[in-house]
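Structural features, examined
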Amino acid sequence: MAKEKEHLNLAFIGHVDHGKSTLVGHLLLKAGAIAEQQLDEGEDKFRFVMDKLGEERERGVTIDLAHQKFSTNKYDYTVVDCPGHRDFVKNMITGASQADAAVLVVAANDGVMPQTKEHMFLSMTLGIKQLIIAINKMDMVDYSEDRYNEVKDEVSDLLRSIGRDPASTPFIPMSAFEGDNIKELSGNMSWYKGDALMTALDKLVPPEKPVDLPLRIPIQDVYSITGVGTVPVGRVETGIMKQGDNVIFEPAGVSGEVKSIEMHHETFPEAEPGDNIGFNVRGVGKNDIRRGDVAGHTADAPTVAKEFTAQVVVLQHPGVITVGYTPVFHCHTSQTACTFLDLTSKLDPATGQPEATKPDFIKTGDAAIVQIKPTKPMVMEEAANIPPMGRFAIRDMGQTVAAGLCLKVTD
Ligand code: GDP
């Protein structure tokens, strides 16, 4: 069997109508992941690829994320949802589709727009370290090098404002619609000497498995299996678990020795990040633990937060968020109602710098530092230390209203 290629999750972000869906559609075509016949006729033919995926998901045809796979010589890629699609942020934050890199699409005719800034800031909040900037719709500005440089300068200022280095960020002038600079360099912009998008994608660095972080396994389900006993199931997010290790489940507070580790009906002596496993722990019964608990080594147990400081971005809330608001926080596999105890400061959504202290409320588009109190014990850890345990989505009224990360566990 051929060696599996390394895999990257890609997000496409940027202002509405700047061409994210068109770019994804055309990229999938150029990479051979879809065929010409699968496209509709008409000027929006590429865009429909993403829309179709979206519709299928709305109908419940695909229970998975609206994602699409393609390959280059070097890597396999999964395109994770674009923002705007309903559960993008929730999925990204709760780990279902954590993006390893993002392509920020900026239309050359419009330049930087409000969502360009928001998404760039969000990419930082979500811990996406690698960005590629696609200056799109170059066909609409006569493939002008001057206009490209103007937009490039605007985006460079933004990058610097969030502490990213424009010099180490690839910029590509493109037309998603015409297909310029997607797979090979286009004759329409002979002044451009950089990489085509697919070449730039191959220069991304694949994610490293966080084997050196403390062991964390958020529990998805707990089964009782005849002959084995209680089998909690979950994906190893960080660290390594070996047979014989002593593990504790928090906030349940029960612990014991790992008797067996199983994956795809086979037993293994150890499990590493990314592995979806079932495991059996001596002395831990089915009713002792539940979904939302997190397993870790007893010597380095998951943190149960009674109160924490968080940075949040309000994505879509119909009203205002004030002190006392108690929506449901989705963090790893836990869903816990948490109360906003204090609105500490409001941040400039484009730069993350403080703008005002003690605001009376925050609303859609705002970023803020807030103090949060879970209504019952939950595992929440500082995102800087163990990223998957410190990122959360806030859901209310059936939608993701905000997203954020835990800066500090204060109690
Ligand atoms: P999204 O909202 O960012 O996903 O943007 P879409 O992909 O839906 O594109 C918005 C509109 O811009 C559609 O009508 C596209 O056909 C058009 N469009 C996208 N990319 C290009 C491009 O490179 N050149 C031109 N001329 N139009 C484009």
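These lines cover the structure that appears in this document, whether it is placed above or below. (Residues numbered from 1 in each chain as written. Predicted model: local features only at pLDDT ≥ 70, side-chain atom pairs only at ≥ 80, totals over all residues. Heavy atoms only, no water.)

Turning our eyes to something else, we now look at a nonpolar patch on the surface. On the surface, a cluster of nonpolar side chains totalling about 250 Å² of accessible area is made up of Tyr-223, Ile-225 and Val-228. Tracing the backbone through its elements, the reader meets Ile-225 in strand E7 (residues 217-225). For Ile-225, a relative accessible area of 40% puts it in the partly exposed group. (Patch = residues over 30% accessible without salt bridge, like charges linked within 9 Å, V, L, I, M, F, W, Y side chains within 5 Å. Areas by Shrake-Rupley, 256 points an atom, 1.4 Å probe, with all protein chains shown as cover. Salt bridge = Lys/Arg side-chain N within 4 Å of Asp/Glu carboxyl O. Helix = DSSP H or I, 4+ residues; strand = E, 2+ residues; numbered from the N terminus. Buried < 20%, exposed > 50% of the residue type's maximum accessible area, 1.4 Å probe, protein only.)

Okay, unusual backbone geometry next. Residue Pro-251 follows Glu-250 across a cis peptide bond; omega there is 5°. Among the structural elements, Pro-251 can be located in the loop between strand E10 (246-250) and strand E11 (254-263). In this structure, Lys-137 is a non-glycine residue whose phi angle is positive, near 60°. Mapped onto the secondary structure, Lys-137 falls in the loop between strand E5 (130-136) and helix H5 (145-161). By relative accessible area, Lys-137 is classed as partly exposed at 21%.

In this section: the sheet that holds strand E2 (residues 68-71). The strand order across the open sheet built from six strands is E2-E3-E1-E4-E5-E6, with neighbouring strands paired in mixed fashion. Among the strands making up the open sheet, the edge pair consists of E2 and strand E6 (171-173). Looking at each pair of strands side by side, their axes are set apart by 25° on average, direction ignored. Inspection of the sheet shows E2 paired to strand E3 (residues 75-80) by four bridges, in the antiparallel sense. Across the sheet, the residue bridging to Ser-71 is Asp-76, located in E3. Running over the sheet, helix H1 (residues 20-30) touches strand E1 (6-14), E2, E3, strand E4 (101-107) and E5 and is turned about 150° from E1. (Pairing = 2+ DSSP bridges. Axes fitted to C-alpha atoms, helices over the stretch in contact; angles between N-to-C directions. Contact = heavy atoms within 4.5 Å.)

Our focus in this paragraph is H1. Burial of H1 is extensive: ten of the eleven residues sit out of reach of the surface. Burial in H1 covers these residues: Lys-20, Ser-21, Thr-22, Leu-23, Val-24, Gly-25, His-26, Leu-27, Leu-28 and Leu-29.

Here we take up the pattern of salt bridges. A side chain of one charge can pair with a side chain of the opposite charge if their charged atoms are brought near each other. Under the counting rule described, the total for this entry stands at twelve salt bridges. Between Glu-381 and Arg-216 there is a salt bridge whose closest N-O contact spans 2.7 Å. Here Glu-381, found in the loop between strand E22 (378-379) and helix H7 (387-390), pairs with Arg-216, found in the loop between helix H6 (197-202) and E7; they are 165 residues apart in sequence, far enough to count as distant. Side by side, Glu-381 and Arg-216 carry an identical accessibility label, which is buried. Taking the shortest distance from any N to any O, the salt bridge between Lys-363 and Asp-366 comes out at 4.0 Å. Its relative accessible area of 7% is what places Asp-366 among the buried residues. Sharing partners across several salt bridges, the network here consists of Lys-346, Lys-363 and Asp-366.

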